[in-house]
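In case you want the letters, here they are:
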Amino acid sequence: MPEGTGIIAVLIVELAALGFGASAAGQDARAPLRELAKKRGVLIGAAVGGRLLARDPDYAAVVAREFNVVTPENDFKWGPLSRERGKYDFTIADALVAFAAKHGIAVHGHTLVWHSQLPKWIEEGTFTREEMLAILREHITAVAGHFRGRVAMWDVVNEAFEDAALRQNLWNKGIGPDYVEQGFGIAHEVDPKARLLYNDYGAENVNPKSDAIYAFLKDAVQRGVPIHGIGFQAHVVPGEIDVASFKRNLRRFGELGLEIYVTELDVRLKDPPTDADLKRQADTYREILDACLAEPAFKAFQTWGFTDRRSWIPGHYKGMGSALIFDADYRPKGAYRALHECLERAAAK
Ligand code: G3I
């Protein structure tokens, strides 16, 4: 970035965050989503990148203006934080947390225990059960300890189920199924105030996978494992979520005493999308948020990214994209307006 433009970029972000500067990306005359969400007592946000917040003023301006919770898309994961055992580089992660604190945005930590994006020494190592438990404890203590008081909720364990069974990942193979509750127990010891979530995909409807997760969490909660909430990732196509089934599913987890979070919503479309596709997408966003707002245990609604310029979808699903609520030029899409209308109605009640 040329000399001197940095301060201009910061000013743009600050002015946009205050609702000034019609030129700020995605600026919309209406109240930002975060204002409506706050009136309703819930959080709305997105997964973000620490480097993008620092380098792209338009990106940062939308985040500062619209959201009251953010999830680091990759910056808090084991591999990006630590390549060598016991050595952590929190530079990017701390900058993301500082941005969030500056703009009154909560941080949703993601994720302490997962089978992906691990450092090579773990993926390629051979360890006894005791050694793996020690490695897990060291990591959770280092990371949840570093962010203690700065992270409102953690995805403690991510994607432990594969279909209707506990995934045979290296943690399950190395420690056994109790690695899940061990992870939650350590995280609660390290940060007793953080809300601790189990996070997974493909469990939004009542189905064999959500049945298995329900049984697992019901048992864990009844045994006093410190699990406070469940995250439904909701990486979907239009129509994939059956609203009646989704509502029943939210209710049964809510009845366990668990808080409800939509953690990674994106609604992917075949690119380039037609107007009809974008209308169906907007309807999908609306019906998911409406279902959440009807659930007493609902806490937060987050998308996985927020602009079609920065989404994991095209690289993962060939020919698909346009999954988010702002277009590639940070302009609000029909999906944004659908969420806005939904929150306006809820805030007015
Ligand atoms: O940072 C490196 C870069 O240095 C390197 O040059 C580049 C090419 O190899 O890779 C970069 O790392 C990539 C990373 O994203 C950051 O961009 C990894 O290869 C890539 O695998 C990683 O993908 C992430 C994926 O999780 C990993 O499984 C996606 O961005 C991220 O959106 C996605 O997020 C997951 C959630 O954590 C869990 N739920 C599902 C969701 C989508 O898969």
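The structure presented is a predicted model; accordingly, all values stated were derived computationally and were not measured. (Residues numbered from 1 in each chain as written. Predicted model: local features only at pLDDT ≥ 70, side-chain atom pairs only at ≥ 80, totals over all residues. Heavy atoms only, no water.)

(A) Summary view of empty space enclosed by the protein. Under the criterion given, the structure shown has one cavity of 30 Å³ or more. By volume, the largest cavity is sized at about 40 Å³. Lining the largest cavity, in full, are Lys 77, Trp 78, Thr 111, Leu 112, Val 113, Trp 114, Ser 116, Gln 117 and Leu 118. Sorting elements by how many residues they give to the lining of the largest cavity places strand β3 (residues 106–113) first, with three residues. (1 Å grid on protein atoms, 1.4 Å probe; cavity = no way out; pocket = protein on both sides within 12 Å on 5 of 7 lines; lining within 4 Å. Points joined across faces, edges and corners; volume = space filled by probe spheres on them. Helix = DSSP H or I, 4+ residues; strand = E, 2+ residues; numbered from the N terminus.)

(B) View of the layout of surface pockets. Size it by volume and the largest pocket reaches roughly 370 Å³. Considered class by class, the residues forming the lining of the largest pocket number six nonpolar, nine polar and seven charged. (Nonpolar A, V, L, I, M, F, W, Y, C, P; charged D, E, K, R; others polar.)

(C) Fine view of the site of the ligand. Residues in close proximity to the ligand total 14 residues, the closest being Glu 73, Lys 77, His 110, Glu 264 and Trp 304. Between the ligand and Glu 73 there is a distance of 2.5 Å, counted from an oxygen atom to a side-chain nitrogen or oxygen. At 3.0 Å from an oxygen atom of the ligand is found a side-chain nitrogen or oxygen belonging to Asn 74. In the complex, the protein chains occlude 45% of the 790 Å² of accessible area that the ligand would expose alone. (Near = heavy atom within 4 Å. Polar contact = N/O pair within 3.5 Å; in protein donor to acceptor, adjacent residues only side chain to side chain. Areas by Shrake-Rupley, 256 points an atom, 1.4 Å probe, with all protein chains shown as cover.)

(D) Expanded view of the packing of aromatic side chains. Tallied over the entire structure, the rule returns 18 aromatic pairs. Between the aromatic rings of Tyr 214 and Phe 253, the centroid separation amounts to 5.5 Å while the plane-to-plane angle is 80°, which identifies the pairing as edge-to-face. Here the residue Tyr 214 occupies a position in helix α11 (residues 208–222), and Phe 253 occupies one in helix α12 (residues 243–255), the gap between them amounting to 39 residues. Looking at Phe 253, the relative accessible area reads 0%, which means it is buried. (Phe/Tyr/Trp six-rings, centres within 6.5 Å; stacked < 30°, edge-to-face > 60°. Buried < 20%, exposed > 50% of the residue type's maximum accessible area, 1.4 Å probe, protein only.)

(E) Structural detail: the nonpolar core. Within the largest apolar cluster, 99 residues are counted, with the highest numbers of intra-cluster contacts made by Val 63, Trp 154, Trp 171, Phe 301 and Phe 306. Per element, the largest residue contribution to this core is seven residues, and it comes from helix α8 (residues 129–146). Every residue in contact with Val 63, bar those within four places of it in the chain, is listed here: Val 48, Leu 53, Val 70, Phe 99, Ile 105 and Phe 306. Met 153, Leu 197, Tyr 261 and Ala 300 belong to the second-largest nonpolar core, a separate cluster that totals five residues. (Core = buried A, V, L, I, M, F, W, Y, C linked by side-chain atoms within 4.5 Å. Contact = heavy atoms within 4.5 Å.)

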